[in-house]
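Residue strings, one per chain:
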Amino acid sequence: MALMLAGLFAGLFDGQPATAVTAPVPAVPVSPAAVRPGDLSVMTYNVKGLPWPLASGRPAALAAIAERLAGLRREGLQPHVVVLQEAFIPEAKAIGRLAGYPYVIEGPQSRQGPSLARSLWREWHLGEGAPAQVDSGLVLLSDLPVRKVERAAFPAEDCAGYDCLAAKGVLIADLALPRGRTVRVATTHLNCRKASGTSNGRSDAAFGRQAAFLGAMLARLRADGVPTVLAGDFNQGQRADRIAMLHGALDGVPGAERLDALSRRFVADPEGMARLSGAEWIRERARDLQFVFDGGAARLVPTRVDVPFGPRADGTMLSDHIGYTVHYALQPTNRT
């Protein structure tokens, strides 16, 4: 089974049937001065960019995602930053270009297998003992100029099950805001549970190790006091053990705000959020999350949520996740 899946991941990514797509929207970099002071919008979306036969109909759906983002751009409503997960196949990686984003950054591209000594304890039939067969599937799209990029795959011993076939990890970009300021946006995709093909105990242990790796990486970078948004597919769910592990890791990052941005909006505006189609679905599943970390002199406060990629009129969706945008205001921390 592992060899079959490895072959699918390694060989089929270049074999997707061609799909007609809309011509790219011209990429026009947005000057930091053109962004309203204090404003930042970040969308997170797992686009299910998997190859056939692991998933069907994806090229057409991914083209529709790109066209929808391009349409938002034509209306001047596109998110400043978009972070994608499971953007494995070419049609998924093309979303940013087709949607007109001038900066398209990909996450970790590879990951070595475990050492021989450690590989003896791995489940080889699930692909745990081999190098990653594909990249991380992480892509960051930005209208804001990129100042610095860091990326890292999770160590080979920190994954479990079929998740080890991908070089999952962390992608971080420092972006330019008006008046010479900087904001940091990070994205990740943590180990899934049931779909990993291994036991819940092993997948949860891998999740905890990856959360710790993520927290340590963010803590190291946070020494410079740059306000940070962390968004992605955390595969947390409503599971007390995973919630405890993730929050335990993120609580160690300076400036951590324990409640995720979507939940903070439910607290601040329960009636408005209740009317927002798809918002409760996202909250209940607790996979796609956004967290913020205050900077030394500024903090990011969620002020509004949009759901550009929720259920369509016929009840179908373009992915098995919902893509949503959080709008943030950059405010002074009033720290001396």
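Reading the values: the criteria
Residues numbered from 1 in each chain as written. Predicted model: local features only at pLDDT ≥ 70, side-chain atom pairs only at ≥ 80, totals over all residues. Heavy atoms only, no water. Pairing = 2+ DSSP bridges. Helix = DSSP H or I, 4+ residues; strand = E, 2+ residues; numbered from the N terminus. Axes fitted to C-alpha atoms, helices over the stretch in contact; angles between N-to-C directions. Buried < 20%, exposed > 50% of the residue type's maximum accessible area, 1.4 Å probe, protein only. Contact = heavy atoms within 4.5 Å. Lys, Arg positive; Asp, Glu negative; His and termini not counted. Salt bridge = Lys/Arg side-chain N within 4 Å of Asp/Glu carboxyl O. Polar contact = N/O pair within 3.5 Å; in protein donor to acceptor, adjacent residues only side chain to side chain. Phe/Tyr/Trp six-rings, centres within 6.5 Å; stacked < 30°, edge-to-face > 60°. Core = buried A, V, L, I, M, F, W, Y, C linked by side-chain atoms within 4.5 Å.

### Here's the deal with the sheet that holds strand β3 (residues 103–106)
For step 1, the next point in the chain: Spatial strand order, β3-β4-β2-β1-β11-β10: six strands in an open sheet with mixed pairing. With one partner strand each, in any of the chains shown, β3 and β10 (298–309) form the two edges of the open sheet. Looking at each pair of strands side by side, their axes are set apart by 20 degrees on average, direction ignored.
For step 2, the next point in the chain: The pairing of strand β1 (residues 39–49) with strand β11 (residues 323–332) spans six bridges and is classified as antiparallel. When the sheet's bridge partners are listed, Met 43 is paired in β11 with Thr 325.

### Quick word on the environment of Ala 286
For step 1, the next point in the chain: Among the secondary structure elements, Ala 286 is positioned in the loop between α10 (279–285) and β9 (288–293).
For step 2, the next point in the chain: Under the relative-accessibility criterion, Ala 286 is labelled buried at 5%.
For step 3, the next point in the chain: Distance from Ala 286 to Gln 238, taken between C-alpha atoms, is 6.4 Å for residues 48 residues apart in sequence.
For step 4, the next point in the chain: Those residues in contact with Ala 286 that lie beyond four places of it in its chain are Gln 236, Gly 237 and Gln 238.

### Let's talk about the pairing of strand β4 (residues 139–142)
For step 1, the next point in the chain: Here β4 shows no split at all, with Val 139 and Leu 141 on one side and Leu 140 and Ser 142 on the other all buried.
For step 2, the next point in the chain: Strand direction decides the pairing type here: strand β2 (residues 81–87) and β4, joined by four bridges, are antiparallel. Of the residues in β4, the one forming a bridge with Val 81 is Ser 142.

### Topic: the side chain of Asp 233
For step 1, the next point in the chain: Relative to the helices and strands, Asp 233 resides in strand β8 (residues 228–233).
For step 2, the next point in the chain: In this structure Asp 233 is buried but unpaired, with Arg 287 as the nearest side chain of opposite charge at 5.4 Å.
For step 3, the next point in the chain: At 3.0 Å, the side chain of Asp 233 and the side chain of His 189 are in polar contact.
For step 4, the next point in the chain: Residue contacts for Asp 233: discarding those within four places in its chain leaves Asn 46, Gln 85, Thr 188, His 189, Leu 190, Arg 287, Asp 288 and His 321.

### Concerning the packing of aromatic side chains
The geometry of two aromatic rings is summed up by the distance between their centres and the angle between their planes.
For step 1, the next point in the chain: Per the counting criterion, the structure on display carries three aromatic pairs.
For step 2, the next point in the chain: Summarising the aromatic geometry, the rings of Tyr 45 and Phe 309 are spaced 4.8 Å apart at their centres and angled 25 degrees between planes, so their arrangement reads as stacked. Here Tyr 45 is found in strand β1, whereas its partner Phe 309 is found in strand β10, with 264 residues between them in sequence. Side by side, Tyr 45 and Phe 309 carry an identical accessibility label, which is buried.
For step 3, the next point in the chain: Ring geometry for Phe 154 and Phe 213: centres 5.6 Å apart, planes at 80 degrees, overall edge-to-face.

### Things to note about unusual backbone geometry
For step 1, the next point in the chain: Of note in the backbone geometry, Lys 48 takes a positive phi value of approximately 55 degrees without being a glycine.
For step 2, the next point in the chain: The topology assignment puts Lys 48 in strand β1.
For step 3, the next point in the chain: Positive phi, normally seen in glycine, also occurs at Ala 286, with a value near 50 degrees.

### Comments concerning the nonpolar core
For step 1, the next point in the chain: The biggest cluster of nonpolar side chains holds 32 residues, and the ones touching the most others in it are Leu 40, Val 42, Leu 140, Leu 300 and Tyr 328.
For step 2, the next point in the chain: Residues in contact with Leu 140, not counting those within four places in the same chain, are Val 81, Val 82, Val 83, Tyr 103, Val 104, Ile 105, Leu 171, Ala 173 and Val 185.
For step 3, the next point in the chain: Counting residues in each nonpolar core, the second largest holds 23 residues, with Ile 95, Ala 99, Tyr 101 and Leu 141 among its members.

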